[in-house]
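Next come the chains, spelled out residue by residue.
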Amino acid sequence: FKLKALMQKCEHQGYLRHPQPPGLKLTLKPYQAQTLQWMLDMESEDILPRGLNGFFWQVLYFADDETQSYPFSFSPELGELRLEPQAVMHGGLLCEEMGLGKTLEVVSLVYMSKLKDEKLLSEAGGGTDARGGGGGGGGNDVDDNDNDD
């Protein structure tokens, strides 16, 4: 396999923009909103049920009937066939130039993940926010001046 061809297969030509996260005091630039959406997608089990390895590995079967056959993994790019299942990993590498706002993008990712967890918790009947309170009162604003001293 050739690393250049492998990397070109993974390269994208643009991405959807995530809406401005509610409560985030700083406004994301368009490329930062694209990066946020990409990072959320890379962590999503709905979008990548087989994780990052799903980009490189195909799950195939020795017989036409999947219920009667043993699966194997094949990667045409790597030229490899493996009998053991591939690990499911989510995430990725955030490689941008210095000064483009990687810190804000990662803070936005953590914040959106927190909001998602709180939503799932409240839907399940938990109802408390991450600070241990009962919710309400604007406790989700992300601001570097937000301290409770």
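Look up: the structure comes first, before these words.
The structure presented is a predicted model; accordingly, all values stated were derived computationally and were not measured.

**Student:** Kindly report on the overall build of the protein, identifying the contributing residues and their values.
**Tutor:** Looking only at helices and strands, one finds 3 helices and 3 strands in the protein. Seen in sequence order, the protein has helices and strands lined up from the N terminus as α-α-β-β-β-α. When the 149 residues of the protein are sorted by exposure, 23% land in the buried category. Contacts spanning at least 24 positions in sequence make up 49% of the contacts within the protein whose residues lie at least 6 apart. Looking at the protein as shown, the accessible area adds up to about 10600 Å², and 55% of this sits on carbon and sulfur atoms.

**Student:** Summarise the nonpolar core; cite the residues concerned and give the values.
**Tutor:** Counting residues in hydrophobic clusters, the biggest one holds 9 residues: Leu24, Leu28, Leu36, Met39, Leu104, Leu109, Tyr111, Met112 and Leu115. Among the secondary structure elements, those contributing two or more residues to this core are helix H2 (30-43) and helix H3 (102-123). By residue number, the principal contributor to this core is H3, which donates 5 residues. Once you skip the residues sitting within four places of it in the chain, Leu104 turns out to touch Leu24, Leu26, Thr27, Leu28 and Gln32.

**Student:** Pulling in residues and values, what's your account of the layout of surface pockets?
**Tutor:** As a volume, the second largest pocket reaches approximately 250 Å³. Together, His18, Leu40, Glu43, Ser44, Asp46, Met112, Ser113, Lys116 and Asp117 line the second largest pocket. Where the lining of the second largest pocket is concerned, the elements lending two or more residues are H2 and H3. Element by element, the count of residues in the lining of the second largest pocket is highest for H3, at 4 residues. Residue classes in the lining of the second largest pocket are distributed as 2 nonpolar, 3 polar and 4 charged.

**Student:** Let's hear about the pattern of salt bridges: which residues, and what values?
**Tutor:** Applying the stated criterion across every chain, the model contains 2 salt bridges. Residue Glu80 is joined to Arg82 by a salt bridge in which the shortest nitrogen-to-oxygen separation is 2.8 Å. Owing to a relative accessible area of 28%, Arg82 belongs among the partly exposed residues under this scheme. Residue Lys114 pairs with Glu118 through a salt bridge whose shortest N-O separation is 3.2 Å. Taken as a pair, Lys114 and Glu118 lie in helix H3 at a separation of 4 residues, close to a single helical turn. Its relative accessible area of 15% is what places Glu118 among the buried residues.

Calculation notes
- The residue numbering used here restarts from 1 in each chain and proceeds along that chain's sequence as written.
- Local features in a predicted model are, by the rule used here, given only for residues with pLDDT of at least 70; side-chain atom pairs are given and counted only at 80 or more, and totals for whole chains, interfaces and linings are based on all residues.
- For the side-chain quantities, the full set of heavy atoms in the structure was used; hydrogens and water were omitted.
- We count a stretch as a helix when DSSP gives it H or I for four or more residues in a row; a strand needs E for two or more, and each element gets its number in order from the N terminus.
- Think of it in three bands: with a 1.4 Å probe and only protein chains considered, a residue is buried below 20% of the maximum accessible area for its type, exposed above 50%, and partly exposed in between.
- Should any heavy atoms of two residues lie within 4.5 Å, those residues are considered in contact.
- Note that accessible areas follow from Shrake-Rupley with a 1.4 Å probe, and for residues the cover is restricted to the protein chains shown.
- What we call a nonpolar core is a set of buried Ala, Val, Leu, Ile, Met, Phe, Trp, Tyr and Cys residues that are connected through their side-chain atoms within 4.5 Å.
- Points on a 1 Å grid, built from protein atoms alone, make a cavity when a 1.4 Å probe fits but cannot get out and make a pocket when they are open with protein on both sides within 12 Å along at least 5 of 7 lines; residues with an atom within 4 Å of a point are the lining residues.
- Grid points are joined across faces, edges and corners, and a volume is the space filled by probe spheres set on the points.
- Residue polarity follows a fixed list, in which Ala, Val, Leu, Ile, Met, Phe, Trp, Tyr, Cys and Pro are nonpolar, Asp, Glu, Lys and Arg are charged, and the others, Gly among them, are polar.
- Within this document, salt bridges are pairs made up of a side-chain nitrogen of Lys or Arg and a carboxyl oxygen of Asp or Glu, the two lying within 4 Å of each other.

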